[in-house]
Structures are given as structure tokens and as C-alpha cells.
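These are the residues of each chain, in order.
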Amino acid sequence: MSGQDLPLWRLNLLRAFYLLITVGLASSWGPSMLQHTDLWAQRRGELGAMLIGLAFFCIWGLRYPLQMLPLLIFELIWKTLWILVIAYPLWLGGAVTPGVEGSFYACLAGVVLTPLVLPWRYIAHHYFRKPAQPWRKPRA
């Protein structure tokens, strides 16, 4: 299966999703990256920088939607892990704060929408069925 096998609407749907992630991350993290306190930088600076970096990679997804699919798979995995390993135990312990609740709904939206956008047959072919690249060069 190649990228030629995917209809244009599917590629444009991926592009729209990359754009949604870019705009969402830039609007939520961009202002704090430009105007922050020292305390914010110490506590959230790495996360902010990583997520703005992810937004820049998603811009490449507008041009190369299939080549940047690992970003969307990464989004699905980290959001699912956060819900299962962080939010759910906090909920069980009755320790959910308004900040955690907001993050939960944002992550839940990603966990629900991302699988609907991903071209699963393409992913299965290119990341699971296709032979792996060699670990070393064959001996001559």
C-alpha cells in the first residue's frame, strides 16, 4: 500500500488534524513561552518547549501528511498513557484538580479523534507488515 492508494480527502483530513494540533498548541503554550515567570520556566518550561516543538513538526505534516504519521501515533499514545496512568488514579483517589480535569478533557478529545483520522491500513502496512531495515550491512 502506498500513499497513492489513499484518497485525497484522507490526506486533507490528516492535514486538517495537523493544523488543529498546531493551532491548539500554539494558542495554549505560545503566549506562556514568550512571556513567562521564572517559576513557570522551572516547573513547566520543558513541557512547553517540547509541545511547541511538536507544533513545529505538525507544520511539516501539512506538506507531508503520511511521513509525519508517527507524530499522530505519538499523540495518541502519550494522551492515552496520561489518562490511564495519571488522571484515572487521581480520579480514583478523589484528587482531581481543575487543572487535571481540563487536561483530561483535552487528552480525551485527542484519544477519541486521533483514531478516527489515522489511516490504519496504511499504518499496518508501513509500520508492521513491511520488512524492517537491516541492523547492519551484509557481509560481502
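All values derive from a computational prediction rather than experimental measurement.

### Describing the overall build of the chain
Right, on to step 1. Looking only at helices and strands, the chain has 5 helices and 0 strands in total.
Right, on to step 2. Ordering the α and β elements of the chain from the N terminus gives α-α-α-α-α.
Right, on to step 3. Taken over the C-alpha atoms alone, the chain extends approximately 55 × 40 × 35 Å along its principal axes.
Right, on to step 4. Per-residue burial for the chain yields a buried fraction of 31% across its 140 residues.
Right, on to step 5. Restricting to contacts in the chain with at least 6 residues of sequence separation, those with at least 24 account for 73%.
Right, on to step 6. Averaging the locations of the 12 positively and 5 negatively charged side chains of the chain gives two centres separated by 17 Å.

### As for the UniProt feature "transmembrane region" (unreviewed entry) in the chain
Right, on to step 1. Within this numbering scheme, the UniProt entry marks residues 12–30, 45–62, 69–91 and 103–123 as carrying the feature "transmembrane region" (unreviewed entry).
Right, on to step 2. Secondary structure within residues 12–30 divides into 100% helix and 0% strand; the distance between the first and last C-alpha atoms comes to 25 Å.
Right, on to step 3. The distance separating the terminal C-alpha atoms of residues 103–123 is 28 Å; by composition the span is 90% helix and 0% strand.

### Some thoughts on the side chain of T22
Right, on to step 1. Following the sequence through the fold, T22 ends up in helix α1 (residues 8–34).
Right, on to step 2. A residue is classified by how much of its surface remains accessible, and T22, at 11% relative accessible area, is buried.
Right, on to step 3. A distance of 2.9 Å separates a polar side-chain atom of T22 from the backbone oxygen of Y18.

### Some thoughts on the packing of helix α3 (residues 69–92) against helix α5 (residues 120–129)
Right, on to step 1. For the pair α3 and α5, the least separation of the axes is 12 Å and the interaxial angle reads 105°. Between α3 and α5, the angle is such that the two are roughly perpendicular. Note on element contacts: α5 touches α3 through W120, Y122, I123 and Y127, opposite L69, P70, I73 and L76.

Rules used throughout
Residues numbered from 1 in each chain as written. Predicted model: local features only at pLDDT ≥ 70, side-chain atom pairs only at ≥ 80, totals over all residues. Heavy atoms only, no water. Helix = DSSP H or I, 4+ residues; strand = E, 2+ residues; numbered from the N terminus. Buried < 20%, exposed > 50% of the residue type's maximum accessible area, 1.4 Å probe, protein only. Contact = heavy atoms within 4.5 Å. Lys, Arg positive; Asp, Glu negative; His and termini not counted. Charge placed at Lys NZ, Arg CZ, Asp CG, Glu CD. UniProt positions renumbered as here; feature names shortened; annotations may be inferred. Polar contact = N/O pair within 3.5 Å; in protein donor to acceptor, adjacent residues only side chain to side chain. Axes fitted to C-alpha atoms, helices over the stretch in contact; angles between N-to-C directions. Parallel < 35°, antiparallel > 145°, perpendicular 65-115°, else oblique.

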